Amino acid sequence: MSDAVLTVKGLNVRFRQDGAETHAVRDVGFHVNKGETVAIVGESGSGKSVTALSTVDLLPGSAHVDGSITYLDQQMVGASEKLLRKVRGNDISFIFQEPMTSLNPLHTLERQLSESLELHQGLTGDKARKRILELLHEVGINDPESRLGAYPHQLSGGQRQRVMIAMALANGPHLLIADEPTTALDVTIQAQILELLAALKTREQLSMLFITHDLTIVRKIADRVCVMKDGEIVETGPTAEIFDAPKHAYTKMLLEAESTGRPNPVPEGAQTVAETDKLKIWFPIQTGLLKRTTGYVKAVNAATLSVRQGETVGIVGESGSGKTTLALAIMRLIASEGPIVFMGRDIQGLKGRAMRPLRADMQIVFQDPFGSLSPRMTVEEIIAEGLTIHSSGSRDERRAQVAEIMAEVGLDPGTMDRYPHEFSGGQRQRIAIARAMILRPKLVVLDEPTSALDMTVQVQIVELLRALQSKYGLAYLFISHDLKVVRALSHKVMVMKQGDVVEAGDADAIFDAPQTDYTRALMAAAFDVRATDHAQT
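Nothing here was measured: the structure is a model prediction, and the numbers come from that model. (Residues numbered from 1 in each chain as written. Predicted model: local features only at pLDDT ≥ 70, side-chain atom pairs only at ≥ 80, totals over all residues. Heavy atoms only, no water.)

Asks: With reference to specific residues and values, describe the sheet that holds strand E1 (residues 4-17).
Replies: Spatially, 4 strands are ordered E2-E1-E4-E5 in an open sheet, and the strand pairing comes out antiparallel. Each edge of the sheet is formed by a strand with only one pairing partner; in this case those strands are strand E2 (20-33) and strand E5 (74-75). As paired elements, strand E4 (residues 63-71) and E5 share 2 bridges and run antiparallel to each other. Within E5, the position partnered with Thr 70 by the bridge is Gln 75. (Pairing = 2+ DSSP bridges. Helix = DSSP H or I, 4+ residues; strand = E, 2+ residues; numbered from the N terminus.)

See the structure below:
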């Protein structure tokens, strides 16, 4: 313990609001030694992030913290604001899950990085710019000089996360706290970020507290693991020991929570639900007062696919490859060129009124259920919205249908009068699935429906989707960067890169014997979490 950079003992965190008290963290204790990476793992709501934020008092005013948190023998619980300001961002730095919510969309990268350097080191002007360029180079931003004037929205997800790492390293911290830093990233970018963090840890002699729900990452990056459940650490120990011989039932459950198996076979003679032939989606670049077209953003080039009843086509590739754009075009939500045949009918030229009767047969489930569910509508209103538009039944009939579909997706029909915020992430995704399924569609687009969920909940959602597909003969277009989930759910796979289909075919053939370097790199990143050479951010 003499080498400990951070020591936590008997930590309790309670939130008090409207007369009620929630005990979020209970008697938590652990330590992080110099040069060591400690991972805190557990499902959403287990207390991981609350524990991390407690270290430098970043919790809201409703939080009551007691216990001991010492950073290099300095007590942080009840510390003065002066000490906390000195430690925050200087000695202890954070990397958060979603850089777009942490970076100011109105400020350039140079301005955002220089603010920290000026505040903590007094660097301005040329000295600050020189240090910023060094930092951007360290974290692998190519041609950093050209990026100084860029805004966050002009960068890819991987580039934004690298900028966040640069900001965290700006003042030479001793401890880096990474809170789900790779969850929203493609597998290849995830591998690059993990390799970067490992290299920086060695070079800068950093200590790291790594928070995640993805145990695959933990095995590669952590020296020790703390497993949290319901605000308590239920098991802790060296990483190899936790993975090879877990003692607690909850740890065993987490380790076993992986989407496995294969989808049910496609029924013989299954009808083709949707197909495209060399579909092209180019967005014109218009400039000047006359809006002349000077070029095109080539989002999708010559994409050909077909999906039958009871079949899932997995569409994979990095962000910006055209996956979602292709699916939206098939649903006639964005313009495209080339035939789109739905249930034997070319729907490419159909206008709004002609398309409306077909909308009930094509539905979509989005990545973030909280963002796609109206917070002002009850669950009944959300699920029944399609029925209200496409059917003429009475309110009581619609309510009965909502109760039926809620039971089918594993939700209590008695909760239909509640609002989305009263449900967990997994339950909200079930609500989104119920909303899509209540119309008994022929085609369902699943756009990253499991990426924001804990591993155990992912398994439940995959099993639910399989069961619904078998029961109703649904055709799925499944978009995801999680190739383990794709393999568990898909009959066929299409691999996309920068708008091109680089490989397509039977799922087992794609996974077992990929034909292109790009597909092989995706597989290596997904199943081995190794760095890849093909995709530099």
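Next comes the rest of the account.
Asks: Residue-level account of helix H11 (residues 323-330), with values.
Replies: Burial runs high along H11: 6 of the 8 residues are buried. Buried within H11 we find Lys 323, Thr 325, Leu 326, Ala 327, Ala 329 and Ile 330. Taken from the residues just after H11, Arg 332 is the one with a positive phi, measuring 60°. (Buried < 20%, exposed > 50% of the residue type's maximum accessible area, 1.4 Å probe, protein only.)

Asks: Kindly report on the pattern of salt bridges, identifying the contributing residues and their values.
Replies: Under the definition given, this model contains 30 salt bridges. With its nearest N and O atoms 3.9 Å apart, the salt bridge here joins Asp 508 to Arg 487. Taken together, the residues span a long stretch of sequence, with Asp 508 in helix H19 (residues 507-512) and Arg 487 in helix H18 (residues 483-489) at a distance of 21 residues. In this structure Asp 508 comes out as partly exposed when scored by relative accessible area, which is 34%. (Salt bridge = Lys/Arg side-chain N within 4 Å of Asp/Glu carboxyl O.)

Asks: Any chance you could break down the environment of Leu 465 for me, citing the residues and the numbers?
Replies: Here Leu 465 shows up in helix H17 (residues 455-472). Residues Leu 465 and Leu 489, 24 residues apart in the sequence, show an inter-C-alpha distance of 8.3 Å. Not counting chain neighbours up to four residues away, the residues in contact with Leu 465 comprise Ile 433, Met 437, Leu 446, Tyr 476 and Leu 489. (Contact = heavy atoms within 4.5 Å.)

Asks: Give a description of the packing of aromatic side chains that names residues and reports values.
Replies: Summed over the entire model, instances satisfying the criterion amount to 2 aromatic pairs. Ring geometry for Phe 94 against Phe 96: centres 5.4 Å apart, planes inclined by 10°, an arrangement best described as stacked. Accessibility expressed as a relative area gives 13% for Phe 94, which makes it buried. Centre to centre, the rings of Trp 282 and Tyr 296 are 5.6 Å apart; their planes meet at 50°, and the pair counts as tilted. Here Trp 282 is found in strand E11 (residues 272-287), whereas its partner Tyr 296 is found in strand E12 (residues 292-308), with 14 residues between them in sequence. (Phe/Tyr/Trp six-rings, centres within 6.5 Å; stacked < 30°, edge-to-face > 60°.)

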